[in-house]
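Coordinate inspection notes
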Amino acid sequence: MSLRSQLLKGVLEGCILAIIKQESVYGYELSVKLQQFGLNDVSEGSIYPLLLRLQKAGLIKGEMRDSPSGPKRKYYHLTEKGEKALQDFITEWESIRTPVEAILRGGEVT
Amino acid sequence: MNAKDLIALNNEKRKQLNEHNRNYYEDMLVYIRSHLLLSEQQSEELLMELLDHLLEAQKHGKSAEDVFGKDPKAYCDELIGQLPKEKRRNIYAFIGYLMIQLFALITLATGAVELVAELFTDVDDTVYLGKEFVLFVIDFAVILLVVAIIVLWIRKSTFRDDSNTFNNKVKTFLVVWFVFFIVFGMFILMERLVPEFGYRIEAGGMVRILFGLFVLAMTWLLNKKFRITK
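Residues numbered from 1 in each chain as written. Chains lettered and ligands numbered in written order. Predicted model: local features only at pLDDT ≥ 70, side-chain atom pairs only at ≥ 80, totals over all residues. Heavy atoms only, no water.

All names here are of chain B. Under the domain assignment used here, chain B contains domain 1 (3–82) and domain 2 (90–226). With centres defined by C-alpha atoms, the gap from domain 1 to domain 2 works out at 33 Å. Between domain 1 and domain 2, the buried area comes to about 780 Å², and carbon and sulfur atoms account for 78% of it. Applying the counting rule to domain 1 against domain 2 returns zero salt bridges. (Domains from an automatic or database assignment. Buried area = accessible area lost by both parts, 1.4 Å probe. Salt bridge = Lys/Arg side-chain N within 4 Å of Asp/Glu carboxyl O.)

Grouped burial of nonpolar side chains is what soluble globular proteins tend to show. Counting residues in each nonpolar core, the largest one holds 47 residues, and the members touching the most others are Ile 16 and Leu 51 of chain A together with Tyr 25, Met 28 and Leu 50 of chain B. Residue assignment for this core shows that the elements contributing at least two residues are helix 1 (3–22), helix 2 (27–36), helix 3 (47–56) and strand 3 (70–78) of chain A together with helix 2 (19–33), helix 3 (40–59), helix 4 (64–68) and helix 5 (72–82) of chain B. (Core = buried A, V, L, I, M, F, W, Y, C linked by side-chain atoms within 4.5 Å. Buried < 20%, exposed > 50% of the residue type's maximum accessible area, 1.4 Å probe, protein only. Helix = DSSP H or I, 4+ residues; strand = E, 2+ residues; numbered from the N terminus.)

The next thing to look at is a nonpolar patch on the surface. Taken together, the side chains of Phe 166, Val 170, Phe 173, Leu 174, Trp 177, Phe 180, Phe 181, Phe 184 and Ile 188 of chain B make up a nonpolar region of the molecular surface, amounting to roughly 990 Å² of accessible area. With respect to the element layout, Trp 177 of chain B can be found in helix 8 (residues 166–193). (Patch = residues over 30% accessible without salt bridge, like charges linked within 9 Å, V, L, I, M, F, W, Y side chains within 5 Å. Areas by Shrake-Rupley, 256 points an atom, 1.4 Å probe, with all protein chains shown as cover.)

What follows is about the packing of helix 1 of chain A against helix 2 of chain A. Residue and element names in this part refer to chain A. At a closest axis distance of 11 Å, the pairing of helix 1 and helix 2 adopts a crossing angle of 110°. When the axes of helix 1 and helix 2 are compared, the pair comes out roughly perpendicular. As helix 1 packs across helix 2, the resulting crossing turns out to be right-handed. Residues Leu 12, Cys 15, Ile 16 and Ile 19 of helix 1 touch helix 2, and the partners they reach there are Leu 30, Lys 33 and Leu 34. (Axes fitted to C-alpha atoms, helices over the stretch in contact; angles between N-to-C directions. Parallel < 35°, antiparallel > 145°, perpendicular 65-115°, else oblique. Left-handed = near helix turned anticlockwise from the far one by under 90°. Contact = heavy atoms within 4.5 Å.)

This next bit is on empty space enclosed by the protein. Under the criterion given, the structure shown has one cavity of 30 Å³ or more. Quantified by volume, the largest cavity comes out at close to 80 Å³. Residue lining of the largest cavity: Tyr 26, Gly 27, Tyr 28, Tyr 48, Met 64, Arg 73 and Lys 74 of chain A together with Met 48, Glu 49, Asp 52 and His 53 of chain B, and that is the complete set. When residues of the lining of the largest cavity are traced back to their parent elements, those giving at least two are helix 2 and strand 3 of chain A together with helix 3 of chain B. Per element, the largest residue contribution to the lining of the largest cavity is four residues, and it comes from helix 3 of chain B. Each residue belonging to the lining of the largest cavity can be placed in one class, and the counts come to five nonpolar, two polar and four charged. (1 Å grid on protein atoms, 1.4 Å probe; cavity = no way out; pocket = protein on both sides within 12 Å on 5 of 7 lines; lining within 4 Å. Points joined across faces, edges and corners; volume = space filled by probe spheres on them. Nonpolar A, V, L, I, M, F, W, Y, C, P; charged D, E, K, R; others polar.)

Our next topic: helix 1 (residues 3–13) of chain B. Residues and elements named next belong to chain B. Taken together, the buried positions of helix 1 are Ala 3, Leu 6, Asn 10 and Lys 13. Here the buried residues of helix 1 occupy an arc of 90° about the axis, which is enough to place them on one side. Of the residues that open helix 1, the one with a side-chain oxygen 3.1 Å from the backbone nitrogen of Lys 4 is Asn 2. (Arc of directions from axis to C-beta. Polar contact = N/O pair within 3.5 Å; in protein donor to acceptor, adjacent residues only side chain to side chain.)

Quick look at the interface of chain B and chain A now. Taken together, the contact between chain B and chain A spans 22 residues of the former and 19 residues of the latter. With both chains or domains summed, chain B and chain A bury close to 1,900 Å², and 57% of this area falls on carbon and sulfur atoms. For chain B, the biggest contributors to the area lost against chain A are Glu 49, His 53 and Gln 82 of chain B; these three give 33% of the whole. Joining chain B to chain A, the criterion identifies four salt bridges. A salt bridge links Glu 45 of chain B to Lys 74 of chain A; the nearest nitrogen and oxygen atoms lie 2.7 Å apart. Per element, the largest residue contribution to the side of chain B that touches chain A is nine residues, and it comes from helix 3 of chain B. Looking at the side of chain B that touches chain A, its residues break down into 10 nonpolar, five polar and seven charged.

Below, the discussion takes up the packing of helix 3 of chain A against helix 3 of chain B. The description of two helices packed together rests on the angle between their axes and the distance between the axes. Relative to each other, helix 3 of chain A and helix 3 of chain B sit at 145°, their axes nearing to 12 Å. Regarding helix 3 of chain A and helix 3 of chain B, the two cross each other, and that crossing is right-handed. Seen from helix 3 of chain A, the contacting residues are Tyr 48, Leu 51, Leu 52 and Gln 55 of chain A; seen from helix 3 of chain B, they are Gln 42, Leu 46, Glu 49, Leu 50 and His 53 of chain B. A per-class count over the contact of helix 3 of chain A with helix 3 of chain B returns five nonpolar, three polar and one charged.

So this is what it looks like as structure tokens:
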């Protein structure tokens with residue numbers, strides 16, 4: 001596994017939750033959005049084990065719905081628990097981001 | 001959509017895959033479905049999602065490997081690890097349903113054989129309920145065991161390129177017949193080995209057929225009411 005994908009692994013779930021919060025999406029749509037944001041090397045299939053995991057944890061819920069482009073698809077939306085998990089993720093991310101950036105830039109301890 | 005509808009739709013949609021992608025996808029499908037204890041509904045929803053995704057990717061000129069990676073077995077194992085198990089209640093209901101249905105079919109079949117035999121000879125109509133019960137339990141256990149072995153065998157042979165060679169087909173054919181004879185022989189042996197005991201009744205061919213039909217109708221009603229097979 002490349003360094004990049006190892007780094008990504010931990011944050012991908014948070015990204016998926018954030019995308020689903022904006023609007024409910026189906027699997028293919030989700031993978032396209034991740035790529036549009038620049039995460040090109042997330043292999044498309046890797047979102048499905050994550051989606052199953054998030055579903056199992058009760059953070060998202062899948063629903064078979066008619067899609068504008070044809071037959072029924074499974075659309076995911078955030079549950080209440082998922083909203084909270086996303087909030088927690090954002091808080092955690094913020095608390096890591098600033099110190100990590102500071103360290104990487106070679107700054108001094110404040 | 002319930003599992004049955006999803007399976008039907010999957011069969012239909014799968015035809016749109018090109019040969020390469022279809023081979024790749026069908027291996028995944030067989031492998032995931034061979035895990036019988038997983039929630040059928042969730043498994044079929046996932047299989048449909050994967051198929052939809054692959055169809056979309058195919059339109060954009062991608063192959064199954066581009067989407068799901070070069071190691072489909074490892075990928076499927078990862079998915080299976082996250083899929084919820086079927087509810088115990090559903091599993092028991094399904095096994096019970098199969099048992100009753102098998103019982104009805106055996107009663108019908110023996111009834112029909114007897115009805116024909118009665119035309120030519122004097123048939124002994126005596127049935128010992130104790131013996132019949134023991135035989136039935138043994139037969140059912142053997143059938144379940146054989147099914148389990150077949151499913152495990154199918155699971156083991158997916159994702160292998162050599163499963164379609166002539167040698168393998170001959171081997172499969174021989175093994176299947178061997179198992180068939182062993183099982184059939186066992187049924188006959190058990191019929192002789194289990195002693196006659198328990199409540200004794202007289203049930204001729206017609207009685208058995210009517211009783212078998214009655215039980216079959218009951219399973220049909222139960223299935224309709226509780227949607228055991230969805």
